[in-house]
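The residues making up each chain are set out below.
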Amino acid sequence: MKAGDELAPLEIPITRTLIVAGAVASRDYQDVHHDAVLAREKGSPDIFMNILTTNGLVGRYITDHFGPEARLRSVRIRLGAPNYPGDTMTLTGTVTAVDGEVAEIRVTGANGLGHHVTGTVRVAVPQPAEPAEPADPAEPSKASGSSGSSGVAEASDAPGVVS
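1. A look at the sheet that holds strand β3 (residues 88-99)
Sheet strands pair by backbone hydrogen bonding; their relative direction is either parallel or antiparallel.
Right, so step 1: Here 5 strands make up an open sheet; going across it, the order is β1-β3-β4-β5-β2 and the pairing antiparallel. Unpaired on one side and paired on the other, β1 (6-13) and β2 (71-79) mark the two borders of the sheet. Across the sheet, the mean angle separating the axes of adjacent strands is 20° when strand polarity is ignored.
Right, so step 2: In this sheet, β3 lies alongside β1 in antiparallel orientation, the contact comprising 6 bridges. In the strand pairing of β3, L7 is matched with G93.

Structure representation (structure tokens):
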């Protein structure tokens, strides 16, 4: 991974179920996230997605790309055009910096009205461990209880542990 790398886009259909479930899951009971009539009375053409659902979708986008070992360090987002039912939000991302195991990703989520979300995510991506050297079949197996011809147990690095 290096600066300039682009993440594959993720298309998310914006459904009423997604909007309402996200609001309920995040305990956001504002009527504009579940009641179309009240949302219209308040000037919105329909219910719309809350910021906590958007935040979760941005996090999912990053961790789906980098894998189960990836750990979000920070998510800083700003909302723009609302996500209404029937639209599709396409998340895209670009690696802007890498410092050791931590990458900074510029994320944008666009829908039919424009940019729904823009922001920056910092994610720690552990590097794969060096592969262990293959066991020599000529060596006696420590798993079988053999400790070689000396009969002396070997101490591990952990205090009080003998292998």
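2. Quick notes on the environment of E11
Right, so step 1: Its place among the elements puts E11 in strand β1.
Right, so step 2: Judged by relative accessible area, which is 59%, E11 ranks as exposed.
Right, so step 3: Beyond its immediate stretch of four places on either side in the chain, E11 contacts T88, M89 and T90.

3. With respect to the side chain of D28
Right, so step 1: Mapped onto the elements of the fold, D28 is located in the loop between α1 (16-25) and α2 (36-41).
Right, so step 2: There is no salt bridge for the buried D28, and the closest opposite charge comes from K42, which lies 10.0 Å off by N-O distance.
Right, so step 3: Setting aside anything within four residues of it in sequence, one finds D28 in contact with A23, H33 and N50.

4. Section: the pattern of salt bridges
Right, so step 1: Going through the model one piece at a time under the given rule, you end up with 4 salt bridges.
Right, so step 2: Between D5 and K2 there is a salt bridge whose closest N-O contact spans 3.0 Å.
Right, so step 3: For K2, a relative accessible area of 54% translates into the label exposed.
Right, so step 4: K42 is paired through a salt bridge with D31; the nearest N and O atoms lie 3.0 Å apart. Residue K42 is located in the loop between α2 and α3 (51-66), and its partner D31 is located in the loop between α1 and α2; the two are separated by 11 residues in the primary sequence.
Right, so step 5: On the accessibility criterion, D31 (16% relative accessible area) is buried.

5. Focus on α1
Right, so step 1: Taken as a whole, α1 has its buried residues at I19, G22 and A23. Summarising the axial view, the buried residues of α1 lie within an arc of 95°, below the 170-degree limit, and thus occupy one face. When the buried face of α1 is taken as reference, the exposed residues oriented beyond 90 degrees from it are T17 and A25.

The rules behind the values
Residues numbered from 1 in each chain as written. Predicted model: local features only at pLDDT ≥ 70, side-chain atom pairs only at ≥ 80, totals over all residues. Heavy atoms only, no water. Pairing = 2+ DSSP bridges. Helix = DSSP H or I, 4+ residues; strand = E, 2+ residues; numbered from the N terminus. Axes fitted to C-alpha atoms, helices over the stretch in contact; angles between N-to-C directions. Buried < 20%, exposed > 50% of the residue type's maximum accessible area, 1.4 Å probe, protein only. Contact = heavy atoms within 4.5 Å. Lys, Arg positive; Asp, Glu negative; His and termini not counted. Salt bridge = Lys/Arg side-chain N within 4 Å of Asp/Glu carboxyl O. Arc of directions from axis to C-beta.

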